[in-house]
Structures are given as C-alpha cells and as structure tokens.
Amino acid sequence: MRKNSIFARVYLSFILVILYIPIFYLIYFSFSSGKNMNKFGQFTLSHYQDLFQDNRLLAIFLETILLALLSSLIATIVGTFGALAITMVKKKAQKNTLLALNNVLMVSPDVIIGASFLIFFTALGFGLNFGSVLLSHIAFSIPIVVLMVLPRLNEMDFSLIDAARDLGASGYQVFSNVMIPTMLPGIAAGMFMALTYSLDDFAVTFFVTGNGFSTLSVEIYSRARQGIDLEINALSTVMFLFVLVLVIIYYFLTKRRVKKGKRMIGGLIK
Amino acid sequence: MRLVAIFIFLGITMKIIELKHVNKRYDDGFVALKDINLEIESGKFYSLLGPSGSGKSTILRIIAGFTNPTDGKIYFDGKDITNLDPAKRQINTVFQNYALFPHLNVFENVAFGLKIKKVPMDKIKAAVRDALHMVRLDGYANREISELSGGQQQRVAIARAIVNEPKVLLLDESLSALDKRLRKEMQFELRAIQKKLGITFIFVTHDQEEALSMSDEIFVLNDGKIQQNGSPVDIYDEPINDFVARFIGDSNILPGRMIKDYEVEFANKKFQCADAGMRPNEKVEVVLRPEDLDITSPEKGKLVVTAQTQLFLGDHFEIKAIDADENEWLIQSINGCKLNERIGLYFDPEDIHVMRLHESQEDFDARLESYEGDDENE
C-alpha cells in the first residue's frame, strides 16, 4: 500500500513536470537578455518593457479579453436556455438527437469549424472583423455551456418547481428563484470554460480574422513565424499568469457557490 | 375565523373542497382516476389510502393544481378552481421528498412563500419564528438544509407550508422516508398540529396503520376508484369488499352464502351473524379479523382447525391454521397453542362481517344503517 502510494506520487510528479517544463522554460527565458533561447544571458525585464510599450500588442491583448468576456457571456445565456430546452424535450429519441448534434460540434476539429465559418461568412458577404470572430466564438462556446449546465438540470429535483409554485411563485419567480440558483454552478463552470476556450482558440479565429482585427494567439503565431522574439515569451508569461488568476477565481467561486447563490436569491426576491 | 371555530364547536362542518366526476388519463394512455367524487370538510384530518398506482397522489396533485383533470370539476369554498394556478390556491403541500430548496437555509425556506407575497420583513420574521416553534425547531433558523436530519427536514417542510396559513394542507406520503420510531412520533405530532391550527389536512399514504391512527376520515382507493370512505373504525370493522378487507389490517376472507337474515354459511357450517337484508342464498364473502378469533378446546369451538405454524410476536402469537376444507386461517391470540393439534376457534356473531359482491357505497351505507335501526328496536 505504502509502496503503491510512493509510486503514484512519483508518477504524478513526473507527469506534472513534463507538462509544465515547456511553459516554465518559456517563462525563464522571458527574463533573459539576448535575442534567442539558446543561452540565458543576463536577468532583465526589458522584454516586458518592450511589451508594455507595444501599443498594437496591448490593444490586441485587451480586445482578446473583451472578445472572450463578450462571447462567453452570450454563449452562457444561449447555452443555458439550450440546456433548458433539451431538458424539456419529452421524447427520448428527440432528446438524444439534440444531444448528439451538440456533441458533434464539441468533437469536430477546429480547422473544419473555422473553414466552414469562413465559407459561410464570405458566402453571406459578411465582413471579416471583430463581429465575425465574436459570432464564431459564441458558436463554438455554446455546446460546452450546454454540456456543463445539463447535468445540473438532470440532477434537479423537479418537485422543487412544484414546491415553488405551491408557495405562490409565478413562472418567472420559479425561474429566477429556483431554476437559476440550481443551475448556477453549471452556469459558472460553463462560462469559465467558454472564457478559456475563447482566450486560447487559434484555429477557428485564424480563419475568420480579417485585416483589421487579430487576437493574441493569432498575433503570437504570426510573430513567431518571423523568428522567435523574446517579447513573445514575455507576452506568453503575462497570459499564463492571467489564466492562472482566472483559475484561482473560479476555484474560490465554486467553493463558495452555496453562499453566493443564497445571497443572490435574497436579492432577487426583495 | 371565529365563525369557523363556532361551527366546529357545534359540530357543524363546512364543505371546503369538492371533486365532481373527476377523471384523469395521462398522455401515455394510463387511466389514473375514474369518476372520482369526494367531499372534504373544513377542520378535519383526511387520509387518502391505497397501494401505489391507486390514484391517491394524482388526486392530491389535482387538488394542489399541479395536474389538471381530464374531466370533472374541483370546487374550493364553492368556487370552481379546476383551472386555477396552484400559486393562487389557499392550499399548501408537504412533498414526499420534502422538496426543500437546497440553496436556501431553514429561515429562507420557510420565508419563501411570504417573501413572494411581499409581506414586510418584520412580519415574515415573526411568522417564521412561530411556524418553526410549531414544529419544534426553535433556534434552527440559520441552519443549512444539508445539515438537518430527515425528521428535521420533514418539520421544515411542514413549517414552510403552514406559515402561509393555508385552509388546506396536503401531505404526500410525508412520513414514508422516516424510520419507524420517528414516524410514530411524527404521527402524533401531525395530529397535534392539525388540532392546533384547526385546518384541513389531507394525508396521502399507502400505510394503513398510519391512516387508521391519524385520520378522522379515510378514503380507500384502488385502481383509480374510491373503494370506501368512512371513519377508521367503520372501515376497519365493516370493509365494503375484499380489497378493503385485505388492505386494511389482516383478515380471513372466505366465500359464503346467506341462509336467511342473521344466518350465514361458510366453511360448510352455519353461523349466527349480525347481517341482514340480503336475498336468501345470496353468495357473499365473509371477513373474520384474526384478532377476533379466540383459541379454545375443539369441543367449545365454533370451528375446528389444525395449527400449522406459530410465531411469537412479543405481545401476541400469530398462528396459521387449516380447517377440514383446507381453508387457511390466520389467528392472532395472546395464548399460544400446540402445533399439529386440533384446536377450537370461538368468535361472536358480530365478529363475522358479511360483504355482498359488487355492492355500491350507497347501498352498503343504507344496509349498515338499517342494522343500527334494529339495534334501537331491540
């Protein structure tokens, strides 16, 4: 037993190290003077200075975050109602078809989704800009939100709805005071997933960005093609930290979700 | 409110709920209710008793408004509420699994209905305190639901319902999730709460003991139909048919024949009985409750049987025996007997309950009433 757990720990550490080494290697060299990652020069923050003076990059950074927030918000709303609709479907075959259609979008390669969006937008004469990227990000985020919210609804005790109606709640009050708080953990998880999907998406975005608009991942890719610049290391480090902060926030949100849901409902009723 | 109290004091009760010709067929074709007619009076404790699938919960859901009947009408205080939203009915429900809101604490659960009605906060606080006091959960207001035991959750569910001051409280199999000891305790408590509030309770259960011990009146349901209604004593002593006889308590049911008034034949012997008003030689079924059978010597017994198995159940013996015609007899007696020996069974004429086949409740009631008339003449 004891031996086993030591093996498990070593194995786990090994996997984690393998997973994180490339990222830390990249972060390490973001503090290196010099032009490439062959040899660590002297410790310097100059790449970060360059980064924060690069107005184009900063603008893209902010736009990427705006895009992620906006697309995840809209996808969460649409996806939540989608999950509700799937739950309401009574016929098993219909329900399974809807679920399958949802899951196909989840597993189909980003390249195909991106290409199809590109064809779709050009066919409609829709310009490739922030709007086209936003629409496609919303589209690929919806299925993940549906998948996150659905289990909460399946677990939900539907007599809670009867109980609320019994106590005088209107249809809207049942929705806001019972359904939403029940789904909230799923909604939060779905929104968080949608946020990270949007932040790190490259393939789909690459197809539907036009001249005027770019996201960080596309920008990093196009810069890396011109030769590795340590400014990109600095940028990656900033992004990594940003995501880390998001994860920590998410962790605390889910830990305190009961309390949060409670406060929310009190506010809604009053 | 005072008027109601006076009525109750005078023994006058008012009809509060009435179901007229209610039918329910579900989308999948299952017929849950067949022409249900029932009247509920204010201030009484009712039970809807039946096996699962008998339609008892459907009746409750129709009264609460969660389900609409396929046909028929429901009246509340004389007004047609058949299509009224459950939110607008002066009826509250205690659900089978309690259906407490898991994201709210005890106070917020109980206050839910009052908050929806926009009652001022200070009044809500007082009302919730009173309701929690009524169910003996003082000081639990700030607990989370997940911290409570099953019995405590049950009490919160009751408090959440009664805090709205409903005229009728519906309880759907509310005690079935509790262990036996707690269930007994809650039976007493429910009855006490009902007495204190003076409102109507309609309690759905499949447990005949529960129904018998708590109710003023019981509706026995089977197969979507009301089989019999009446006081617990009436239903136990005079079951209308073999379903009721079997479902309520243990019974020995035998085919028989009325020879003439006050004489019935079964197990190939003629017996004096207390029933009359049937055709001569009419085929009937006879019910003898196991606790009405006394063990005596074969000479003194009205019927001779052979004991086959015997169980000691603490306060009595339960004996299975067989008579000369191979009819099985269940006997509950404070005295045991020797196995595989002939024993006599003794019972009084009143212990024989004669049931006519396919008798309607009206005919049944009329027949019973005619006996009571006889008693007075004697």
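The model shown is predicted, which means the values in this text are computed figures rather than measured ones. (Residues numbered from 1 in each chain as written. Chains lettered and ligands numbered in written order. Predicted model: local features only at pLDDT ≥ 70, side-chain atom pairs only at ≥ 80, totals over all residues.)

*Asks:* Looking at this model, I keep getting lost on the overall build of chain A. Mind explaining?
*Replies:* Each helix and strand in chain A was counted, giving 12 helices and zero strands. The N-to-C order of helical and strand elements in chain A reads α-α-α-α-α-α-α-α-α-α-α-α. Along the three orthogonal principal directions, the C-alpha set of chain A runs to about 70 × 65 × 40 Å. The 270 residues of chain A split such that 31% are buried. The long-range fraction of contacts in chain A, counting pairs at least 24 apart against all pairs at least 6 apart in sequence, stands at 78%. (Helix = DSSP H or I, 4+ residues; strand = E, 2+ residues; numbered from the N terminus. Buried ≥ 20, exposed ≤ 12 C-beta atoms within 10 Å, placed from the backbone. Contact = placed C-beta atoms within 7 Å.)

*Asks:* Teacher, can you tell me more about the overall build of chain B here?
*Replies:* From N to C terminus, chain B includes 10 helices and 20 strands. With the C-alpha coordinates aligned to their principal axes, the bounding extent of chain B is approximately 75 × 50 × 45 Å.

*Asks:* What am I meant to see in the domain arrangement of chain B here?
*Replies:* Accessible area lost when the parts come together is the quantity often used to give the size of an interface. The domains assigned to chain B are domain 1 (14–237) and domain 2 (250–377). Each of domain 1 of chain B and domain 2 of chain B was reduced to a C-alpha centroid, and the two centroids are 37 Å apart. (Domains from an automatic or database assignment.)

*Asks:* Just checking my understanding: could you explain the environment of Ile161 of chain A for this structure?
*Replies:* Residue and element names in this part refer to chain A. With respect to the element layout, Ile161 can be found in helix 7 (residues 159–166). Here Ile161 falls in the partly exposed class, since 19 other C-beta atoms lie within 10 Å of it. C-alpha of Ile161 to C-alpha of Asn177: the two residues are 16 residues apart in sequence and 9.8 Å apart in space.

*Asks:* Got a minute to help me understand the sheet that holds strand 13 (residues 269–272) of chain B in this structure?
*Replies:* Pairing between the strands of a sheet comes from backbone hydrogen bonds, and it takes one of two forms, parallel or antiparallel. All names here are of chain B. If you trace the five strands from one edge of the open sheet to the other, you get 13-12-11-14-20, paired in antiparallel fashion. For this open sheet the edge positions go to strand 13 and strand 20 (353–356), each flanked by a neighbour on one side alone. Strand-to-strand twist across the sheet, computed as the mean angle between neighbouring axes with direction ignored, equals 40°. Summarising the sheet, strand 11 (residues 252–260) and strand 14 (residues 283–288) pair through six bridges and their orientation is antiparallel. Within strand 14, the residue paired with Pro255 across the bridge is Glu285. (Pairing = 2+ DSSP bridges. Axes fitted to C-alpha atoms, helices over the stretch in contact; angles between N-to-C directions.)

*Asks:* Any chance you could explain helix 5 (residues 150–162) of chain B here in plain terms?
*Replies:* Since the α-helix packs 3.6 residues into each turn, any two residues three or four apart lie on the same face. Residue and element names in this part refer to chain B. Helix length check: helix 5, at 13 residues, gives a terminal C-alpha distance of 19 Å against a target of 18 Å (1.5 Å per residue), a fit within 8%. Within helix 5, 10 of the 13 residues are buried, leaving the element largely enclosed by the surrounding structure. Listed as buried for helix 5 are Gln153, Gln154, Arg155, Val156, Ala157, Ile158, Ala159, Arg160, Ala161 and Ile162. Close packing links the buried residues of helix 5 with strand 6 (91–94), helix 3 (106–116), helix 4 (121–134), strand 7 (168–172) and helix 6 (180–197). (Expected span 1.5 Å × (residues − 1).)

*Asks:* What should I look at first to understand the interface of chain A and chain B in this one?
*Replies:* Between chain A and chain B, the residue contacts involve 21 residues of the former and 19 residues of the latter. Elements supplying a minimum of two residues to the side of chain A that touches chain B: helix 7, helix 8 (171–200) and helix 12 (257–269) of chain A.

*Asks:* I'm lost on the nonpolar core in this one. Help?
*Replies:* Nonpolar side chains tend toward joint burial in soluble globular proteins. Residue and element names in this part refer to chain B. Ile63 and Ile202 are the most contacted members of the largest nonpolar core, which has 102 residues in total. Here this core gathers at least three residues from each of two domains, domain 1 (14–237) and domain 2 (250–377). In this structure Ile202 touches Ile40, Tyr46, Leu48, Leu60, Ile63, Val168 and Leu170, once residues within four positions along its chain are discounted. (Core = buried A, V, L, I, M, F, W, Y, C linked by C-beta atoms within 7 Å.)

*Asks:* It is not clear to me how the packing of helix 7 of chain A against helix 8 of chain A should be interpreted in this structure. Could you clarify?
*Replies:* Working note: a packed helix pair is described by the angle between its axes plus the distance between those axes. All names here are of chain A. Between helix 7 and helix 8, whose axes approach to 10 Å, the crossing angle comes to 135°. What the angle tells us is that helix 7 and helix 8 run oblique. Every pair of crossing elements has a handedness; the one defined by helix 7 and helix 8 is right-handed. Facing Leu160, Ile161, Ala164 and Arg165 of helix 7, the residues of helix 8 in contact are Val174, Asn177 and Val178. (Parallel < 35°, antiparallel > 145°, perpendicular 65-115°, else oblique. Left-handed = near helix turned anticlockwise from the far one by under 90°.)

*Asks:* Mind showing me how you'd approach the sheet that holds strand 17 (residues 317–323) of chain B here?
*Replies:* All names here are of chain B. Reading across the sheet, the five strands line up as 15-19-16-17-18 and stay open at both edges, with antiparallel pairing between neighbours. Two strands in the sheet have a free side with no partner beyond their single neighbour: strand 15 (294–296) and strand 18 (328–333). For this sheet, the mean inter-axis angle between neighbouring strands, taken without regard to orientation, is 50°. Relative to strand 19 (residues 342–346), strand 16 (residues 303–312) runs antiparallel, the two being bridged by four bridges.

*Asks:* Got a minute to help me understand the environment of Asn154 of chain A in this structure?
*Replies:* Here Asn154 of chain A lies in helix 6 (residues 130–155). Linking Asn154 of chain A and Ala83 of chain A, residues 71 residues apart in sequence, is a C-alpha distance of 9.8 Å.

*Asks:* Looking at this structure, I do not really get the pairing of strand 3 (residues 45–49) of chain B. What am I missing?
*Replies:* Residues in a regular strand point their side chains to alternate faces of the sheet. Residue and element names in this part refer to chain B. By the criterion of burial, strand 3 is predominantly enclosed, with five of the five residues buried. Side chains Phe45, Ser47 and Leu49 project from strand 3 onto one buried face, and the interleaved Tyr46 and Leu48 project onto a second face that is buried too. By the bridge criterion, five bridges tie strand 3 to strand 8 (residues 200–205) in an arrangement that is parallel. Looking at the pairing, Tyr46 lines up with Ile202 of strand 8.

*Asks:* How do you make sense of helix 4 (residues 92–107) of chain A when you look at a structure like this?
*Replies:* The end-to-end C-alpha separation of helix 4 of chain A is 22 Å, in line with the 22 Å expected for 16 residues at 1.5 Å each. Among the 16 residues that make up helix 4 of chain A, zero are buried, leaving the element largely open to the surroundings.

*Asks:* Teacher, can you tell me more about unusual backbone geometry here?
*Replies:* Note: most peptide bonds trans; most residues except glycine with negative phi. Residue and element names in this part refer to chain B. Its identity as a non-glycine residue notwithstanding, Asp35 has a phi of 45°, on the positive side. You can see Asp35 is positioned in strand 2 (residues 31–41). A positive phi angle, near 70°, is found at Glu326, a position not held by glycine. Note that Glu326 resides in the loop between strand 17 and strand 18. The class of Glu326 is exposed, set by 6 C-beta atoms lying within 10 Å.

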